[in-house]
Amino acid sequence: MNIVLSIFMLFGLAAIAPFVNQRFPKLSGWLLSLVPAGLFVWFLSKIPAVVQGVSISESYPWLAAMGINFSFELDGLSLLFALLVTGIGALILIYAGYYMRSYQKTNRFFGYLVFFMASMLGLVTASDWILLFMFWEFTSVSSFVLIGFKHEKSAAREAALQALLITGLGGLALLAGLIMMSLPYGDFGFDAVINTPELFLESKLFIPATILILIGAFTKSAIFPFHFWLPGAMQAPSPVSAFLHSATMVKAGIYLLARLHPVMESQELWIYTLSVFGVVTMIVGAWFALAQQDLKKILAYTTVSALGTLVLLIGTSTAYSITAALVFLLVHAFYKATLFMMAGNIEKKTGTRDIRKLGQLSRYMPVATVISLLALLSMSGIPPMIGFIGKELMYEAKLNAPEAGNFILIMGFLANAFTVFVSFRFAYEVFWGKSVAFQKPPHEPDVSLLTGPAVLVLISLVLGIFPNQVADLLGPAFQAILPAEQLIKLKLWHGFNEILLLSFLTVLLGVVMFAFRAKIIQVVSYMNLNFFNAKLSQKFFSGIDVFLSLTKKKTAVVQHGYHRFYLMTIFISAGLLLLLTTNAIDFSVDFSWHQSPLNYLIFLAAIMIIAGSVVVITAKSRLLALIATGFVGIGITIIFIIYSGVDLAITMVMVETLTVVIGAMVVYYLPKYLDYSGVGARIRDGIVAVFFGGVMSYLALQTTSPEGMDKISAFFAANSYTKAFGENIVNVILVDFRALDTLGEIVVLALAAIGIVSLLKLNAHKKSSR
Amino acid sequence: MNVLIALLIGFLYAVSVYLLLRRSIVKLVIGILFLSYATNLMLFFAGGLTETSPAFVMASEAQSAVMTSDSLPQALILTALVIGFGVAAFSMVLIYRFYKETGTVDLDDLSDIEKL
Amino acid sequence: MLFLPILIPLISIILLIASRHRLKLQQWLSIVSVLAQLIIALTIFFNLSETGHLVAQAGSWPAPYGITFVADYTSAILLIAVSLIAVAAIIYSIGFVDQVRQRGGLFVLFQGLLTGVYGSLLTGDIFNLYVWFEVMVISSFVLITLGAEKQQLRASVKYLVMNLIGSMLFVAAIGLLYSQLGTLNMADIAYKLRSEAIPPLVNSAIMLFFIAFGIKAAVFPFFFWLPASYPTPPIAITAFFGATLTKVGVYVMLRFYSLFAQLDAPFWQPVIFVVAGLTMVFGVLMAASSYDIRKILSFHIISQIGYMLMGIGLFSVIGLAGAIFFIVHNMFSKTATFMAGGLIYLYKGTYDLKKLGWVYKTKPFLAFLFLIPALSLAGIPPTPGFFGKFFLLYAGFEGAHWTITIVALVVSILTLFSMVKIWNEAMWKPEVESANLSVKSVRPAAWVGTVIAVVFTLLLGLTVGFTYDYFAQAGQQLIDPMNYIKAVLPELIAK
Amino acid sequence: MSKKRNFTLKSLPKRIWAFVKFIPFYAREMIISSSVLAYDILRPQQSFRHGIVAVDLDLQSDTAVLAFINLVSMTPGSLSVDLSSDRKKLYVHSMYLEDPEGFVKDLKVNFEKRIKEIFE
Amino acid sequence: MIDTIVAFLLLFASFFTLVAALGIVRLPDVYMRMHAITKASSLATILFLIALIIAHPSWRVALGSLLLIAFVIATAPISTHALARISVQLGIKMTKGMVRNELNKVEPIETESAKKSAEKSNSDELSY
Amino acid sequence: MKTEILKIAAAHLKPFLLVLSLVVLYRGHNEPGGGFIAGLMAGMAYVIYAGAFGVIQAKQLLLAKPLTFMGLGISLSIFSGTIGLMNGADNFLTGVWTSISFGDYMLKLGTPLLFDLGVYFTVAGMLVKVIFSVMEEDV
Amino acid sequence: MESQSVFLNISVYVAFISLGLAFLAALFRLIKGPDITDRLIVLDLTASSLIGLVIMVIITSGETVYLNVALITALVMFMGNIAFARYLKKTLKR
Ligand code: NA
Ligand code: NA
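Residues numbered from 1 in each chain as written. Chains lettered and ligands numbered in written order. Predicted model: local features only at pLDDT ≥ 70, side-chain atom pairs only at ≥ 80, totals over all residues. Heavy atoms only, no water.

> I'd like a rundown of the overall build of chain B, residues and numbers included.
Regarding its fold elements, chain B presents three helices and zero strands. Counted from the first residue to the last, chain B has its helices and strands arranged as α-α-α. Expressed as a percentage of the 116 residues in chain B, the buried residues total 80%. When contacts within chain B are restricted to residue pairs at least 6 apart in sequence, long-range pairs at least 24 apart make up 58% of them. Summing over all exposed atoms, chain B offers an accessible surface of approximately 2600 Å²; the carbon and sulfur share of this is 55%. (Helix = DSSP H or I, 4+ residues; strand = E, 2+ residues; numbered from the N terminus. Buried < 20%, exposed > 50% of the residue type's maximum accessible area, 1.4 Å probe, protein only. Contact = heavy atoms within 4.5 Å. Areas by Shrake-Rupley, 256 points an atom, 1.4 Å probe, with all protein chains shown as cover.)

Laid out in C-alpha cells, this is it:
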C-alpha cells in the first residue's frame, strides 16, 4: 500500500462507482464508503511515523526532462488533509447513498464524487507543483459537473459555468505562477523551492509569480473578490456542498497557501495580501450571511467568512495564528459538513431550504435537531465543542498579531458575533420559531442520512473535551507550515482571561443581535440592497453577456463576410508587410538597354498586355473580357519568346487558349455582367491595386542576381546531355532532374479532373433527398 | 528594359488585384488568371533574362561549357503553369456550378455565410 | 524509403480509381493504405540517423541539384501524427459521409490530400514544396466542394481564392529567393545564407513565403477564409482539414524560420509575436461569440494556430518542442472534437447550439467522447492540450516574452469558456422542443473513428513523459539546423 | 459517313500530275486573291456587291469536298460558309457578286473540275 | 543574294500582314473581314515561312515549315467557315450592297435525337 | 456543333494530330515538346472531334475511358520511377537507360521517356475528361 | 545571321513593325467589335501575327527550335476557334 496506490484505488473506485450504484442501489453509499474508510484507517496508521518526522514519499518519472514527476509526500499537512478527505469522504458517501435516491441518473453522480475525492487526495499528497496543478484542475472539473448535476435547470448550468470559469481563471494564474516560481530551479518538485527559497525570492519574477499564485489560491478558496461563485455553487446537491464546498475543495487554496508559507513567510507582499484579503473576506462573508433566507446560502456565506479567517490566520504567521488556523480548519470542516448535510436532510424532509418556510422541526426530528444544535454550537464557538477552542485560538492569534492587531481583532470579533447570530437564527427559525403547515409532516431522517453528521458532531464534541488528541496530528502539520515555531498547546479551559471575555462578549453580542433579529435582518437587507448591492454573480454573467455582444460586434467587423474586403485586407496587409522588409533595400535600378530588334518587341508585348488589361477591366461583355485575357496571355507569350522560353511559350499558348475556351464554355451559362460598383469603390480598389502592384514591381526591380552567383541550373546545362541524354534541358529537368515535381503536377491535374467531374455530376443534396 | 518588365509585372499584379476586388465572380476568376500571369512573369524575370538562346544543349557541344538561358525557372514556370491550368479549369467549373446552385454571381451575396 | 509516404497514397489513388465502382473495396483499400502509411511513418521515425536525419535524393541527382527528401524529428513526428489521424478520419468518414460523396471520389481525394501533406512534410526543396502544397490544395478544393451543396459552393469560392492567392505569392517568393541565391534546395539556401552576406531581398522573399503560408495556416490577418469554408463540408472532411492543412502551413513556417528567418531574428521575432498574438485573440473571440459547434471549433483552429506561431517565435528548445507538440495535440484533439461534434449532428440533426440539448442525458458516452478532447483543447492536465500550453508558457516565461505569454494565458481562459459553452448548451441544456430535427442514421464506423481519435488524444497526453525527448530533439534540431544542412549536403560541407 | 471513293491504283499517276499542276494554280489564286483584297482595302471609297450563294456540288469524297471548300476560301472574293448536311450544297460568301449565276458557274468550271481530277 | 530574296519575301509578307491588319480595321462587315484574315493573313504566314526556309536552309526547318504551311492552308478556311456560319446563324447583318443570301432559311440548327442521347449520357450513374 | 465542313475537317485532322502528338512526345527530350504538350495535342484532337461530331460520338472513339488514361498515366510515371529501385532502395525516379542501335543511329530508351509517356496519358486523359464533361452539360 | 545586308536589316524591321501593327489592328477590332464574331476573328489575326513574329524571331536569331511554337500556336488557335464557334452556337439555342 502506498500513496499512489491509494489515489489510484479511488480513481478506480470512481470508474466502477456507477456500476456499483446500478447493481446495489440501496447499499451503494455504504459499499463505496468502504474504500475511503479503509484509506482513512491507513492514513491514521501513518500518524506515528509522520510524528516522528519520517517522511513518506514516492516518486515516479513523468516528464522528468522538465523536472516534473509523479511525486507524493505525506508530511503532517498532507496527512491532515488526506484524513479529512478520506474520512469526511466516507461519511459523505454514506450520506449521499441515501440522499441521492430521489435523483435521476445517480450512477454518474457517484463516479464524479469519488473522482473528486481521488483528485483531492492527489492534490493534498502531491509534492510536485505540476502534479498538484493537475489534481487542482481535476477538482475544478469535478466541481463543475457536480454543481451542474441538475443540468436541466439553467441556474445550475450557469452556476457551474461560473464556478469553472472562476476556478479555471485561477488555475491558469496558478499555473503561470508555478512556472515562474519553478523557473530558477528547472524543477517542479516541492523540495526545490522549499529547500532553497532564496533563488525564487530573489528572482525578478517573484512578485508576479506570487500574485498569480495568490489569485489561484483565492479563486479556489472563494476569497473576496472571487467569493461569489461559492454561494452560486449551492445549486449542487447537498452531499456536494458538504464535501466540496465546505470541507475539502475550497480548502485547496488554503492548503496551497499553507504549503507555500515556509517559502513566503518573510515576504511582506505575502503577509499583507493574505491579511488584507483574509480580513475583508471574513467580514464580507459574515455580513452577507446575516440576512440570507436559504439555509445553504447561509452556510455558504459563513464558509466564505471561515475561508477568509483561515487566510487571515495564515497571513498573520505566528505560532498562535497557525495553530488557530489548523484547529479552525478541522473545526470548520466538521461543523460545516454536518450542517450542510443537515440542511440537505431538512430540504429532503420538508421540501424547502427557505428559512421562512421552516419551523418547529424539533417536534418532528429530535435527533436531527440535537445533531444540528451541537454543530451550531461549534460554529458559534461555545464550549464544550471544539469550535470554542478554535475561536479562543483565533482571538489569541489576533491579539498577538504583529501589526494592526486591534483592527483585525475588531473585525474578527464582529465576524464571530455575526456567526453566532446566524447560528442562533438557524437553530431558532428551523427547529423552533413559528409553526409551519407542511404538506406532509416531516419525520426523522434515515440512519444513512444521519450517520455522517452524527459522527462528525461526535468528533467535534470529543475533541472539544480532549483537544490534545489531535495535537499529534496537528504538530507535524504545523511544522510544515511554520518550521521555526511550535504548535501551541490546546486546552478547552484557559482560565478567566481577556480571551474568555472576548468569547463571552462575542456570544453576548450575537444573542443581543438575535433578540433584535427582525430589525437587524431588515436593516441588513436594506443596506445590502442599497449600499452593498454588488451582485457580483449577476455582474459576472452580465459581464459575459457584454463581452459576447462586444466580441460579436467586433467579430462582425472583422469577419463581415464580404469577400472583397477580405481580399483587400489581405492585399493591403501583404503589401505593408512586404514594405516592412524593404528598408534594407536600396533603390538602384538597372536602366541599361541594348540595341536589338527583339528588344522593341518588349514594347509590343507591353502594349498588348496593357491594352488587353484595359479591355478586360472595362469590358461589358464576359466573352470580350475572356478574349482580352487571352490577348494579354499572348503578350506574355511574346516576352517568353524573346527571352528564350521555347517550351514555355508553347505551353503558355496552349494553356492560355484552353483556359479561355473552358472559360467561354462555362461563362456562357452565367448571367451578363452587371455594374455592381460605384465610382468611389472603383477608385478605392484602384488605389489598393496600384499599391500592391507597386510593391511587387519594387520587389521585381530588386531581383537582379548578385554578380558571379552560382546557380544550380549550371549543373543541369552541364549534365543534361551527358548524364540524362537529352538536349532539351527544360524537358530533362521536367522528366528527370526534377521529375518529382512533374509527378506532383500530374497528380494535381488528375485530381482537378476528378474535381471537375464531381462538380458537374455529383449532387449529394438531391440524391440523398430522393 | 528590365525596368519595363518589372513595371509590367507590377501592372499585372495591380490588374489582378483590381479584378479580384470586383463583386462579379467572373471577374474574380479572370483576376486569378491575371494573378498567375503576374506570378509566372515574376518567376521568369527573377530567373534572369537571356535573349534567344533557348535552353538546349546539342549533342555535339555537350562537353563544352554551354551558354543558354537559365533553364530552371522555365521548368518551374512550366510546372506552375500546368498546375495553374488544372486549378483554373476547376475554378471555372466551380463558378458555373456555383451559379447554378446559388443563382447569383454577386460575391456580396455570400456575406451571410459567416453569420455567427 | 523516404518516398514511400507519397508513393503509397499515390498507388492507392490509382487502385481507388480502378475500383471506383466498388465502394466496399474502396473503403478497405483506404484503410489498408493509411495503415501502411502509418507503418512507413514509424519506420522512418525509428530509422533516423544518429543526428536524427534521413535523406534521399529523387532520381539520385545529388543535392542541391535534384529534389531532396529529408526527414528529421519534426517531420517524422508529424508524419506519424498525420498518418494516425488519417486512420481515424478514414474510418470515421466511412461511417459519417453519405454514399454519394463516398462514391464520388472521397477516398481518392483523401489520399490526394495525404500525398500532398506527406510530400510537404518531407521535401527539402522549396519548389517541390509548392507542388505538394498544390496537390494538397487541389484535393482540398475538391473535398470542400464535394457533393456541391449550396452552402459548400458558397463557401468554397472564398476558400479557393484565398488559397490561390497564397499559392501565387508562394511562387513569386520562390522566384525572388532563386534570383538571390540561385538554388532551391532548402539546406543549400540555409547554407548560403550562413556562409555569405545575406542579400537584402531575402527578407522580402521570406516575408512573401510567410504571407503565403500564413494564408494557408489561417493566420491573422489572413484567416478570413477558414471560418467561411470549414463549417460547410461534411464534418469528417472538416476534421481532416483541421488536422492537416493549416498544420502543414505552420510546419512550413517552422521549417523556414529555423532554416532562414532565424538569422534575422531581431526582425522576425516581433513580427511573429504580433501575428501570433492577434491570431490567438481574434480566433478565440470569434469562437466565444459563435453558436454553432463547427464554427466554434473552426475559430479555435485559428486561435490555436496562434499558439503554434508563438512557439516558433519563442525559438527555444522548449518553445519549439511546444510548438510541435501543440501541432500534434491539435491534430488529435481538434479532430476528435470535430468527430464527436459530427456524431452529435447525426443524432440531433443540427450543429446549432441554440437548438441542441440533452446529449449528456441521452448519449452519455458521446458526451464523454466529446469531453476528453474538449478538456484537451481547454488545456486541462494530463491531456495533451495542457502540455502544449505548458511548454509554450514555460518557454515564454523562460525567454521573458511577457506580452505574448500573457496573451496566451488570457486566450486559454476564453478557450475554456467556449468549450464549456458547447458543453452547457449541447450536452446539459434540455432539448429544445421546437427544433424539428431530422436524425440521420449512424453507422458504427463513425463511432469507431471517434473513439480512435479520442484514444490518440488521451495517449498523447499520457505518454508525454516518453515522447517529450523526441519533441525536444526536434526543437534542438530546429534551433541549430547545421546538422540538417550537413545531412543534406555532405560533400558541400566537407569542402 | 465517309463515302466510298473510287480509288484505283491505275489513276494514281494521273492524280499526282493533277496535284502538281494544282499547286501553282493554288499559289496564283492565293496571291491574286490577296492582292485584290489589298486593292479593295486600300482604296478610299469602299462599296461591294456581296452576299451568300449556294453551289451544287458533284464531288463524291469527303476529302474532295474539303479541298474544294478550302480552295473556294482561298480564291478572290469567295469564302465557304456552310455545307448542307447531305454535302451536296456549298454556301459561299462573295465580295464581288455582280453576277451570282456566273460566279457559281465559274466556281464549278474552274475549281470543281480541278479538284475532281485530283481526288476522283 | 539569299539575303535579298529573304528581304523581298519579308517585305511581301509584311505587306500582306498589313493588308490583313488594315482589312480587319477597314472592311465594313464581319464576313468581309474574314476574307482578309483567311487570305492575306495566311499568305503572309506562308511567305514568312518560305523566307525562313531560304534564310536557314536545313531539313528540320524545311520539314517544319512545310508542315506549318500545310496546316495553315488546311485550317484557315475551316475556322473562318465556322465563324462565318455562326455569324449567319446569329443573324449578324451584312453591310449595305448585299445581293442575295441563300443560307438564311435552310438548315435546322439541331436535331432532337442528339439532345436526347445527350441527356442520357448526363444521367449516367457516374462516379467521378 | 454539327457543321458538315467541320466534321470532315475533324475526321481528317484527328489522326494527323495524334501522330503529331506522338512525334512531339518522343522528340520532347531533345526538342521543344514533351509529355504535357503532346498530351494536350492528343487531347485537342478529340476536343476538335467532339466539337464537330458531339461528345457522344467522340467518346465512342476513345479506346478507354479518360479516367482510365489518367490512371494509366500516373501508373506509368510511378512505375518508371520504381524501375530505378532495382539499384537501391532510395533510387526513386532514377533514370535507367538502354540503347538500341540501328547501324549508326542509336535509339536511346530510358525510364524518363516512360515517365513522359505517363505524363502524356495523364494530360490527354485529363483534358478530354474535363472538356467532355463541360460539353456534356449542354450538348 | 552574322553579316546582314542593310536591305535585309530594314526588311526585318519592316516585318516586325507590320506584325506589331497587325497586333494593334487586332486590338482595335477587339475593342470595337461590334459583334461577337468580330472579336473572334481577332484571335485568328493574333494567332497568325504571333506565328509571323515567331518566324521572324527564328530568322533573326537562328534558333530554329522556335518553329515548334509557331506550329502549336496554329494548332491551338484552330481549336480555339472551333470551341468558340461551339460556344456561340449554344448562345443561339437560348
Ligand atoms: Na488550407
Ligand atoms: Na486545429
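After that view, the rundown keeps rolling.
> Explain the coordination of the sodium ion (ligand 2) to me, and be specific about the residues and the numbers.
Protein ligation of the sodium ion (ligand 2) involves K247(C) (NZ) and N330(C) (OD1), the donor distances falling in the range 2.3 to 2.9 Å. Of the two residues, K247(C) is situated in helix α10 (residues 235-259) and N330(C) in helix α13 (residues 317-348); the sequence distance between them amounts to 83 residues. (Donors = N, O, S within 2.8 Å, 3.2 Å for Na, K, Ca; no water.)

> So what about the packing of aromatic side chains? Which residues, and what values?
Applying the stated rule across the entire model yields 104 aromatic pairs over all chains. The structure contains a cluster of three or more aromatic residues connected by ring pairs, namely W62(A), F70(A), F133(A), F188(A), F325(C), F386(C), F387(C), F390(C), F391(C), Y394(C), Y468(C) and F471(C). A cation sits over an aromatic face here: K348(A) above Y99(A), 4.3 Å from the ring centre. Directly above the aromatic system of F48(D) lies the positively charged group of R43(D), at a separation of 5.3 Å from the ring centroid. (Phe/Tyr/Trp six-rings, centres within 6.5 Å; stacked < 30°, edge-to-face > 60°. Lys NZ or Arg CZ within 6 Å of the ring centre and 35° of its normal.)

> Give me the packing of helix α33 (residues 739-761) of chain A against helix α5 (residues 126-145) of chain C: which residues, what numbers.
Contact geometry of α33(A) with α5(C) gives a least axis separation of 9 Å together with a crossing angle of 10 degrees. In terms of orientation, α33(A) lies roughly parallel with respect to α5(C). Counting all contacts with α33(A), which are made through L740(A), D741(A), G744(A), E745(A), V747(A), V748(A), L751(A), A752(A), G755(A), S758(A) and L759(A), the residues of α5(C) involved are F127(C), N128(C), V131(C), W132(C), E134(C), V135(C), I138(C), S139(C), V142(C) and T145(C). For the contact of α33(A) with α5(C), the residue count by class is 12 nonpolar, six polar and three charged. (Axes fitted to C-alpha atoms, helices over the stretch in contact; angles between N-to-C directions. Parallel < 35°, antiparallel > 145°, perpendicular 65-115°, else oblique. Nonpolar A, V, L, I, M, F, W, Y, C, P; charged D, E, K, R; others polar.)

> Please give an account of helix α16 (residues 384-398) of chain C that cites residues and values.
Residues and elements named next belong to chain C. A rise of 1.5 Å per residue sets the reference length of α16, with its 15 residues, at 21 Å; its end C-alpha atoms lie 21 Å apart and thus fit the reference within 8%. Of all 15 residues in α16, 14 are buried, a share of seventy percent or more. After α16 finishes, the residue A400 shows a positive phi value of roughly 60 degrees. (Expected span 1.5 Å × (residues − 1).)

> So, the side chain of N70(D): which residues are in play, and what are the values?
If you trace the backbone, N70(D) turns up in helix α2 (residues 62-74). Not counting chain neighbours up to four residues away, the residues in contact with N70(D) comprise Y26(D), I73(E), A74(E) and P77(E).

> Tell me what's going on with unusual backbone geometry, and back it up with residues and numbers.
With an omega of 10 degrees, the peptide bond running from P383(A) to P384(A) counts as cis. The residue P384(A) is located in the loop between α18 (366-380) and α19 (386-399) in this model. The phi torsion at S317(A) lies on the positive side, around 60 degrees, for a residue other than glycine. Along the chain, S317(A) falls in the loop between α15 (295-316) and α16 (319-350). Judged by relative accessible area, S317(A) falls into the buried class, the value being 16%. With a phi close to 60 degrees, S60(C) is a non-glycine residue in the positive phi region. Within the element layout of this structure, S60(C) appears in the loop between β1 (54-57) and β2 (68-71). Residue S60(C) is classed as partly exposed on the basis of its relative accessible area, which comes to 34%.

> Which residues make up the packing of helix α8 (residues 201-217) of chain C against α10(C), and what are the values?
Residue and element names in this part refer to chain C. Following both chains from N to C, one finds α8 and α10 inclined at 155 degrees, their axes separated by 7 Å at the closest point. With respect to α10, the element α8 is oriented roughly antiparallel. Classified by chirality, the crossing of α10 by α8 is left-handed. Side by side, α8 and α10 meet where F209, F210, F213, G214, K216 and A217 of the first sit next to L245, T246, G249, V250, V252, M253, F256 and Y257 of the second. Residues of the contact of α8 with α10, tallied by class, amount to 10 nonpolar, three polar and one charged. (Left-handed = near helix turned anticlockwise from the far one by under 90°.)

> Account for the interface of chain C and chain F, naming residues and giving values.
Opposite the 15 residues of chain C that make contact, chain F presents 13 residues. Counting the surface lost from both chain C and chain F, the interface buries some 1100 Å², and carbon and sulfur atoms represent 65% of this. When the buried surface of chain C facing chain F is broken down by residue, L7(C), I14(C) and R20(C) rank first, second and third, together holding 36% of it. Run the count over chain C and chain F and you get three residue pairs in polar contact (both at pLDDT 80 or more). Those elements that provide at least two residues to the side of chain C that touches chain F are α1 (4-18) and β1 of chain C. Counting residues per element, the side of chain C that touches chain F draws most heavily on α1(C), which supplies five residues. Here the side of chain C that touches chain F is composed, by residue class, of 11 nonpolar, three polar and one charged. (Buried area = accessible area lost by both parts, 1.4 Å probe. Polar contact = N/O pair within 3.5 Å; in protein donor to acceptor, adjacent residues only side chain to side chain.)

> Give a detailed account of the confidence of the model for chain B, specifying residues and quantitative values.
Residues of chain B with pLDDT of at least 70 account for 86%, and the chain-wide mean is 85. The element-level mean pLDDT for chain B is lowest in helix α3 (residues 71-102) of chain B, coming to 92, with helix α1 (residues 2-20) of chain B highest at 94. (pLDDT = per-residue confidence, 0-100.)

> Describe a nonpolar patch on the surface, naming the residues involved and giving the relevant values.
Residues and elements named next belong to chain A. The grouping of L501, F504, L505, L508, V512 and F516 at the surface amounts to a nonpolar patch, some 560 Å² of accessible area in total. Structurally, L505 can be placed in helix α23 (residues 498-515). Given the relative accessible area of 34%, L505 is considered partly exposed. (Patch = residues over 30% accessible without salt bridge, like charges linked within 9 Å, V, L, I, M, F, W, Y side chains within 5 Å. Salt bridge = Lys/Arg side-chain N within 4 Å of Asp/Glu carboxyl O.)

> Go over the interface of chain C and chain A with me, naming the residues and quoting the values.
Listed per partner, the contact involves 110 residues of chain C and 98 residues of chain A. If you sort the residues of chain C by the area they bury against chain A, W61(C), Y65(C) and W428(C) come out on top, with a joint share of 9%. On the surface where chain C and chain A come into contact, there are one salt bridge. Across the salt bridge formed by D125(C) and R738(A), the nearest N and O atoms sit 2.6 Å from each other.

> Kindly report on the sheet that holds strand β3 (residues 89-94) of chain D, identifying the contributing residues and their values.
Within a sheet, neighbouring strands are paired by backbone hydrogen bonds and run either parallel or antiparallel to one another. Spatial ordering of the open sheet is given by β2(D)-β3(D)-β1(D)-β1(E), a layout of four strands whose pairing is mixed. This sheet does not close on itself; its edge strands, each paired only once, are β2 (78-83) of chain D together with β1 (98-101) of chain E. Between one strand and the next, the sheet's axes are offset by a mean angle of 30 degrees, whatever the strand orientation. With two bridges joining them, strand β1 (residues 50-56) of chain D and β1(E) adopt parallel strand pairing. The residue bridging I52(D) from the neighbouring strand is N101(E), located in β1(E). Most of the contacts of helix α2 (residues 30-55) of chain E go to β2(D), to which it runs at about 110 degrees, and overall it touches β1, β2 and β3 of chain D. Here helix α1 (residues 4-27) of chain F sits on the sheet in contact with β2 and β3 of chain D, set at roughly 95 degrees to β2(D). (Pairing = 2+ DSSP bridges.)

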